[in-house]
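A closer look at the structure
So the chains spell out like this:
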Amino acid sequence: MEYAPRGNTLPDRPVSVVGSTVVRAERLDAGFRDKAVWTNASFEIERGEFVAVIGPNGAGKTTLFRMLLGLQRPLAGALTVFGESPRRGNRRIGYVPQRHSVDIDTHIDCDSFVRLGVTGTRWGPGLPNRADRDAAAAALASVGAGELAHKCIGTLSGGELQRIFLAEAMVGDPEMLLLDEPLSNLDLRRSRDLVALVSGLVESHHVTTLLVAHDINPLIQRLDKVVYIANGRVATGTPAEVLTSESLTALYGVPVEVLHDSRGNLVIVGAEESLGGEHE
Amino acid sequence: MTFDISWNPVTDLRVMWQFEFMRNAFEAGTIIAIVAGIIGYFVVLRRSAFATHALGHVGFSGAAGAVFLGVNPVFGLLAFTMSGATGMALLGRRAATRDIEIGTVLAFMLGLGLLFLSLYKGFATEAYGILFGEVLGISTAGVVFTLEASVVVLVATLAVYRRLLFASLDEEVAEAKGLPMLALGLVFMLLLAVAISIAVQVIGVLLIFALMVTPAAIAVRVTRSPLGAIVVSALVAVFSVWLGLSVAFFINKPYPASFFIVSTSFVIYVTVRTVAALRDWLLPRGGRDEHTRAAADPGGT
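A short note on the overall build of chain B
When you go through chain B residue by residue, the secondary structure sums to 14 helices and zero strands. When its helices and strands are written in sequence order, chain B yields α-α-α-α-α-α-α-α-α-α-α-α-α-α. Taken over C-alpha atoms, the radius of gyration comes to 20 Å for chain B, in line with the 19 Å a tight globule of 301 residues would show. Here chain B holds 301 residues, and 49% of them are scored as buried. Of the contacts made within chain B by residues no fewer than 6 positions apart, 76% connect residues no fewer than 24 positions apart.

Set out below in structure tokens:
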């Protein structure tokens, strides 16, 4: 089904700010301690762009998110978010981590869970109030999950769960969303539904979105930009620029072929052999 | 002297409350049940049941040491559980997952407690009290101390309530939003240490689960909001203590109150699980598929 995020109650931002740079990386090296996972990446992400971060397992996609969130420092180079150094607790960023620690036995309803996204950093017990309730309701509505408000998190399907996580990330009305592998446990149809939903949020809320994924196909028609991380290097550009045999061959350093089928799907051949690993 | 139960709760309570030791038991037991029920919710949420169990054993060693030195056991309990709690909190963000390290320390602490007790002459009743609780032996001064410690725990819990809830329920997002995870973990473990130290008087280190874990485990199964779960958890704990004390009093045999308290919470737990299992069997719910399990399980890289 198609979700219709337009006409919800979250305020739209002025369109005039679209086009300013949200993320700027210059000669950026990423890694843990002294071990680099990728080096020398320079790219910019503009306001309101929908960006896919693609690459094989262990390529350093989550590392990029951790640096943007201020949880990990760059090994070298410069990285700015909204023109500043990344810092932990930046309220302008909404985050959906890959390994979400919500347990299947968690008997808590979606409304309480999403509301924590806005109240969870406050001191004191806090009395229930209209502003917080409205914020949670608006976030749930923005992902088309209003009817799930009183359901327990533990009883949701994979697609519903991802919508609730997305609502939790949206609840502070962020300017940038970082979504780590939201599609990893969804089948192709649910993946496309979620991508349509995220794409709708990007348009209606002008929220700059980075989405980590293994497979480009559910995303490709809605993307503005691709950040392709592989083999310790990063290639950035429009899908048409990055997802070509020439560009990926240069990235991987071995011959890689990008094949197109009649419905616009891509198959990337040769990459998995070069890394000796899985590449979906 | 024997007492017959009238089955009129007002009359029965009046009969029990004519004795100071029963009044003290009800007062201390109620206060402790409320604290244990509330802290227990976070124990269940953070999956720290093993850490709770271990802190009880660490407390045993401290209490035995205090008995040996001729000090009030509760101070030994507090000193040891708070040190242990600090160590566990610094070990990792979720001490509950450090079961190998905790288990190693737990065994050593039990051994140490045993040594202290063997060094102290006439240890049997003291050891028994620490291990299984001595709810009918709580003094009026003990009730006052319990109340003071409980007020500290409850005020501190209220102060960090929403932050602790967020950090316990959604660790990665809470960390990204800037919550100090290590500090919150430390605060929680210290609150747990104090709660365990005072609860030991009622239920003992070995039966601490009956007030700390079982009521909260029941509560999360019958509620959907954190506040609802906390209220139910505290109510179940209080009910267990009241029913346990009443049965121990009216049964007119020297059976320990701890046994009846543990039994009450256990019977409620089994009933709730049975009813839930029957309901699932008779009315299968839709909408839950294998994706949920996959998406909710931690795994992969």
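There's plenty left to go through after this.
Considering the packing of helix α3 (residues 49-69) of chain B against helix α5 (residues 99-119) of chain B
Residues and elements named next belong to chain B. Relative orientation of the contacting elements α3 and α5 amounts to 20 degrees, with a least axis distance of 8 Å. Classified by the angle their axes make, α3 and α5 are roughly parallel. Seen along the crossing, α3 lies across α5 with a hand that is left-handed. Mapping the contact onto sequence places F50, A51, A54, H57, V58, F60, S61, A64, G65, V67 and F68 in α3 and D99, I102, V105, L106, M109, L110, L112, G113, F116, L117 and L119 in α5.

A short note on the sheet that holds strand β1 (residues 21-32) of chain A
All names here are of chain A. Reading across from one edge, β2-β1-β4 is the order of the three strands in this open sheet, with antiparallel pairing throughout. Either end of the sheet is taken by a strand with one partner, and the two such strands are β2 (35-46) and β4 (76-81). Adjacent strand axes in the sheet meet at a mean angle of 20 degrees when their direction is disregarded. Taken together, the five bridges between β1 and β4 define a ladder with antiparallel strand orientation. If you follow A25 over to β4, its bridge partner there is L79. Helix α1 (residues 61-68) contacts β1, β2 and β4 of the sheet and is inclined by roughly 120 degrees relative to β1.

Cut-off values and rules
Residues numbered from 1 in each chain as written. Chains lettered and ligands numbered in written order. Predicted model: local features only at pLDDT ≥ 70, side-chain atom pairs only at ≥ 80, totals over all residues. Helix = DSSP H or I, 4+ residues; strand = E, 2+ residues; numbered from the N terminus. Rg over C-alpha atoms; globule rule 2.2 N^0.38 Å. Buried ≥ 20, exposed ≤ 12 C-beta atoms within 10 Å, placed from the backbone. Contact = placed C-beta atoms within 7 Å. Axes fitted to C-alpha atoms, helices over the stretch in contact; angles between N-to-C directions. Parallel < 35°, antiparallel > 145°, perpendicular 65-115°, else oblique. Left-handed = near helix turned anticlockwise from the far one by under 90°. Pairing = 2+ DSSP bridges.

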